[in-house]
Amino acid sequence: MSVHKSLDLLALDLDGVLTLPGDPEWDQARQAWNLAVDQQPVAVATVASVRDVQAVVTAARRAGLRVAPQSTGHNASPMGALADTILLRLSQMRGVSVDPSRRVARVEGGAQWSDVTSAAARHGLAALAGSSGDVGVTGYTLGGGVSWLARSHGLAANHVLAFEVVTAYGEPRRVDQEHDPDLFWALRGGGGSFAVVTAIEFALFPISEVYAGALFFPLEQAREVLNAWARWTDTVPAEITSIGRVVRFPAVPDVPPHLAGKSYTVVEAATTLDPVAADDLLAPLRALGASHDTFATIPVERLDQLNMDPPAPTPIYGDGWLQTDLNAEAVETVVRAVGSGVDTPLLAVDLRHLGGALNSGRGGGAIDGLPGAFLGFAVGITARPEAIDRVRSAVTGIQDGLEPWRAPARYLNFVEQPSDARSFYDPLTWARLRAFKAAYDPDDLIRSNHPIPAAQA
Ligand SMILES: Cc1cc2nc3c(=O)[nH]c(=O)nc-3n(C[C@H](O)[C@H](O)[C@H](O)COP(=O)(O)OP(=O)(O)OC[C@H]3O[C@@H](n4cnc5c(N)ncnc54)[C@H](O)[C@@H]3O)c2cc1C
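Scoring rules and cut-offs
- Residues numbered from 1 in each chain as written.
- Predicted model: local features only at pLDDT ≥ 70, side-chain atom pairs only at ≥ 80, totals over all residues.
- Heavy atoms only, no water.
- Axes fitted to C-alpha atoms, helices over the stretch in contact; angles between N-to-C directions.
- Helix = DSSP H or I, 4+ residues; strand = E, 2+ residues; numbered from the N terminus.
- Parallel < 35°, antiparallel > 145°, perpendicular 65-115°, else oblique.
- Left-handed = near helix turned anticlockwise from the far one by under 90°.
- Contact = heavy atoms within 4.5 Å.
- Nonpolar A, V, L, I, M, F, W, Y, C, P; charged D, E, K, R; others polar.
- Buried < 20%, exposed > 50% of the residue type's maximum accessible area, 1.4 Å probe, protein only.
- Polar contact = N/O pair within 3.5 Å; in protein donor to acceptor, adjacent residues only side chain to side chain.
- Domains from an automatic or database assignment.
- Buried area = accessible area lost by both parts, 1.4 Å probe.
- Salt bridge = Lys/Arg side-chain N within 4 Å of Asp/Glu carboxyl O.

1. Focus: the packing of helix α8 (residues 222-233) against helix α10 (residues 328-338)
At their nearest, the axes of α8 and α10 sit 10 Å apart, and the two run at 140 degrees to each other. The orientation of α8 with respect to α10, classified from their angle, is oblique. Relative to α10, the crossing made by α8 is right-handed. On α10, the residues that touch A222, R223, L226 and N227 of α8 are A328, V331, E332, V334 and V335. Each residue belonging to the contact of α8 with α10 can be placed in one class, and the counts come to six nonpolar, one polar and two charged.

So this is what it looks like as structure tokens:
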């Protein structure tokens, strides 16, 4: 059957909507959260049910097309233009239910973190959510998931109890420790190459409030503050997770007036310790003379404001890396790239402190922790296509400069450019992932942003 005919039949079969090039809604339907990405699939299926997902996968197989599942498009840029592919958008499947007695959430495949954190908070519970409320739960969890509670609780992927999926052959399945354990293992850190996830069940934690905030220092203090923060991270317990960063806030209406158009060195932290103990820990950083100090006890669901991520879809170019150390020389590299007096197109360079439960290997899946002491990310806004080259070269420049301290592995979720997924895993894990791809999707029907190629027979 021709592709055209298959898509016509699929459109009639869906509870959701199939959008085709030329339709008035086309540009909106194909738009990713990262507005710099120009997705040009053969069609966009905005699904409303598991039955829809099955119909899309089955129709794609018959028509010789591929399927690219997407929740929000936060990490759409590595995927390219999507030729011969149906973009399967789960953005309408955002249902969340919380079982407070079991402390478990079940969320649909297109849910965003703010859907979950608000539902869990109503029961005094917290999820291992991303720093930004509109990040998709599924993409984040399939890649690992580093939350503000990461050092005390580990990766989000390691607290998944079950996935509900539609396989590459269009079959709905519940996948857990007893059912398709290989697939269950691969989905916890192996990314989106194996199946379409229609729902996830994961553990919640009895945390309703945290002590959290940010210390803002002048940009001129970047060297002093980042060095002090880096040494401080060696001393703090796993109950405190922090980020050291240099930020140039754009002068746009979404940014609060006291920050808009200004640049700062910032230390953000969140902790489940009581405020008195936390204040003792923070004292040496405060002694450096912050110009604003926002630390307070806050409802845990408000952690999605702490990193001041863009509140809406934004055109960005960014990339991340893992770092083994942040010694004075490494800090100097950061300062030379984005410190005071430097003309840089970078909006932010973030260094997240890892370690704690992220080191301990909880045996939960394809990844069960992250190697390295810091997770770096450099990003710039690319509102005009001409800006991309300059931001790209600044992002590459800081990564190259930090090469002596970079860990050999990379973290899937923070890699936003096309790259060899082999670099996310040790050789044994890579071989197992390739074997499971061959078992579950040998024809490579499911297209992910960081593909795992099937092992050859
Ligand atoms: C502003 C911002 C803040 C962030 N904060 C954090 C953070 O705090 N911690 C962290 O670890 N990461 C963070 N990230 C990275 C984030 O985890 C990744 O971008 C992740 O891929 C986002 O998932 P998504 O579903 O929103 O994105 P999408 O681009 O929709 O999905 C990414 C990939 O996941 C897979 N996928 C998504 N949905 C499905 C599905 N239903 N079934 C099968 N596969 C699917 C696909 O392979 C897809 O290509 C952040 C990113 C941004 C831009």
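Once you've had a look at it, read on.
2. A closer look at the side chain of T271
You can see T271 is positioned in strand β12 (residues 263-271). In this structure T271 comes out as buried when scored by relative accessible area, which is 3%. Reaching out from T271, the side chain makes a polar contact with the backbone nitrogen of L273 at a distance of 2.9 Å. If we ignore the near neighbours within four places in the chain, the residues touching T271 are V210, Y211, E239, I240 and A278.

3. So, the domain arrangement of the chain
Reports often express the size of an interface as the amount of accessible area lost when the parts come together. Domain boundaries in the chain define domain 1 (3-89), domain 2 (98-206) and domain 3 (209-414). Spacing between the C-alpha centres of domain 2 and domain 3 amounts to 25 Å. At the junction of the two partners, domain 2 supplies 32 residues and domain 3 supplies 41 residues. A combined buried area of about 2700 Å² lies between domain 2 and domain 3, and 58% of that area is made up of carbon and sulfur atoms. If you sort the residues of domain 2 by the area they bury against domain 3, V146, W148 and R151 come out on top, with a joint share of 37%. Viewed at the interface, domain 3 and domain 2 are joined by zero salt bridges.

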